[in-house]
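Examination of the molecular architecture
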Amino acid sequence: MNKLDVINLLVPHPVQPRAVEEQFAPSNIALCKYWGKRDRELNLPVNASLSVSLKSLGSRTRLSPIDGLADEVWLNGERQRPETMFASRVSAFIDLFRQHSSFSLKVETHNNIPTAAGLASSASGFAALALALNECLDLQLNPQQLSVVARLGSGSACRSVFDGFVEWRMGQREDGMDSHGIPLDQQWPDLCIGLIKVDASTKAVDSRAGMQRTLETAHLYQSWPLQAATDLSRLQQAIETQDFALLGECAEQNALSMHATMIASWPPLLYWQPDSITAMRQVWQLRQEGLPVYFTMDAGPNLKLLFEASAREVLLEQFPGMEIVQPFCA
Ligand code: DP6
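Everything numeric here is computed off the predicted structure, so don't read it as measured data. (Residues numbered from 1 in each chain as written. Predicted model: local features only at pLDDT ≥ 70, side-chain atom pairs only at ≥ 80, totals over all residues. Heavy atoms only, no water.)

1. A short note on helix α5 (residues 207–217)
The complete set of buried residues in α5 reads G210, M211, Q212 and T214. Packed against the buried residues of α5 are β2 (37–39) and α7 (244–263). (Buried < 20%, exposed > 50% of the residue type's maximum accessible area, 1.4 Å probe, protein only. Helix = DSSP H or I, 4+ residues; strand = E, 2+ residues; numbered from the N terminus. Contact = heavy atoms within 4.5 Å.)

2. Overview of the packing of helix α2 (residues 85–95) against helix α3 (residues 122–136)
For the pair α2 and α3, interaxial distance at closest approach is 11 Å and the crossing angle is 35 degrees. Here α2 runs over α3; the crossing is right-handed. Together, R89, V90, F93 and I94 of α2 and S122, F126, L129, A130 and L133 of α3 make up the contact between the two elements. Each residue belonging to the contact of α2 with α3 can be placed in one class, and the counts come to seven nonpolar, one polar and one charged. (Axes fitted to C-alpha atoms, helices over the stretch in contact; angles between N-to-C directions. Left-handed = near helix turned anticlockwise from the far one by under 90°. Nonpolar A, V, L, I, M, F, W, Y, C, P; charged D, E, K, R; others polar.)

3. Regarding the domain arrangement of the protein chain
Assigned domains of the protein chain: these are domain 1 (3–183) and domain 2 (192–325). Look at where the C-alpha atoms of domain 1 and domain 2 centre, and you get two points 25 Å apart. Interface area, domain 1 with domain 2, both sides summed: about 2700 Å², of which 71% is carbon and sulfur. Its largest share of buried area at the contact with domain 2, domain 1 owes to L31, K33 and W35, together 32% of the area lost on that side. Scanning the region where domain 1 abuts domain 2 turns up one salt bridge. Across the pair K33 and D298 runs a salt bridge, and its minimum N-O distance is 2.7 Å. Linking domain 1 with domain 2 are ten residue pairs in polar contact (both at pLDDT 80 or more). (Domains from an automatic or database assignment. Buried area = accessible area lost by both parts, 1.4 Å probe. Salt bridge = Lys/Arg side-chain N within 4 Å of Asp/Glu carboxyl O. Polar contact = N/O pair within 3.5 Å; in protein donor to acceptor, adjacent residues only side chain to side chain.)

4. Brief notes about the side chain of H259
Of note, H259 is situated in helix α7. When near neighbours in sequence (up to four residues on either side) are disregarded, H259 contacts Y271, W272, M297, D298 and G300.

5. Structural notes on the side chain of K37
Position of K37 among the secondary structure elements: in strand β2. Despite its burial, K37 remains without a salt bridge, the nearest opposite charge being carried by D206 at 8.4 Å. Side-chain polar atoms of K37 contact the side chain of N43, separated by 2.7 Å. Once you skip the residues sitting within four places of it in the chain, K37 turns out to touch N43, L44, P45, V46, R208, M211 and L215. (Lys, Arg positive; Asp, Glu negative; His and termini not counted.)

6. Digging into the pairing of strand β4 (residues 49–66)
Relative to β4, strand β1 (residues 23–32) runs antiparallel, the two being bridged by eight bridges. What sits directly across from Q23, in β4, is T61. When β4 meets strand β8 (residues 165–168), the two strands line up antiparallel, connected through four bridges. Paired with L50 across the bridge in β8 is E167. Here β4 pairs with strand β7 (residues 104–111) via eight bridges, running antiparallel. Its bridge partner lying in β7, I66 is registered against S104. (Pairing = 2+ DSSP bridges.)

7. Regarding the site of the ligand
Within the structure, the ligand sits among 15 residues, and Y34, K37, S154, S156 and R208 are positioned closest to it. The separation between an oxygen atom of the ligand and a polar side-chain atom of K37 is 2.6 Å. Broken down by element, the residue count for the shell around the ligand peaks at three residues, all from α5. Considered class by class, the residues forming the shell around the ligand number five nonpolar, five polar and five charged. Counting contributing residues per domain, the shell around the ligand is built from domain 1 (3–183) and domain 2 (192–325), each supplying no fewer than three. (Near = heavy atom within 4 Å.)

8. Looking at unusual backbone geometry
Of the consecutive residues W266 and P267, the connecting peptide bond is found in the cis state with omega at -10 degrees. Among the structural elements, P267 can be located in the loop between α7 and α8 (274–288). Phi is positive for N43, close to 50 degrees, though the residue is something other than glycine. Mapped onto the elements of the fold, N43 is located in the loop between β2 and β3 (44–45).

Have a look at this one:
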């Protein structure tokens, strides 16, 4: 089963593009991480994951039909050459919908994610592209189907189709139709996420390559599915009962467990920099002094702090320049 087969199941007929409104999708931070694929072609995960979407931080994408043989791809107001990674990934994704008809699109994407915070934009980018294609090609896909489509671009994008807390059910099916995001009902108005920039430069090994290396070479990875399953159910419980300490503990331990599997890969994958460790120790020190603050980290050196609104001022003093998002507040 490949991506084209999946799109054929969802959109078996020719499509015609039309100019439509731009579409927005938020970035998301995983509290229980997606790390490792059981199917690399379809981005089907080894484990279920759970994230929180970053409200108005994310990507907006506008699509309009154009004449000519090639797509025109713009990012933050700048035309991208077709051979760039960004333009080629976008066009390859649109190709999935050109099986029965030929057309070209102008793609205009804006990311308002602070690049300084080193946040991945592929999740919100592919989610926004999936939403925009749904409108532009009048696909009439429902949110779960859109989540499946976004996943084909980048796994974590399937969670960015929704706001708030989102669980990515791993599913069992070979075609992945049951592997998509599901939004949780619960809100958490006091929940804050602090973005701490340690280093915003592009990483040498991206998540895609990193998770594959871990899966293939780290014996420690065998323990990951069980760790993730345990963390996921404890996180669900924490969200259900609004138990912040439980949420923070699970998220931090989950992130550190994921990093432990990376470090145990060969060649080793260590995304941390000295400043990452300094910030981790600072968080642990503050916690020892009684401040409920935790962190999570993705495949990079930057920290995302988890805390409640009452800790905001103290933390801003400790981490000047930290950008704060309150995902459930207007
Ligand atoms: C560490 O979704 O970027 O951020 O599916 O290969 O595109 P691909 O990987 P990607 O991996 C994200 C990994 C992570 C954890 C997470 O977001 O769950």
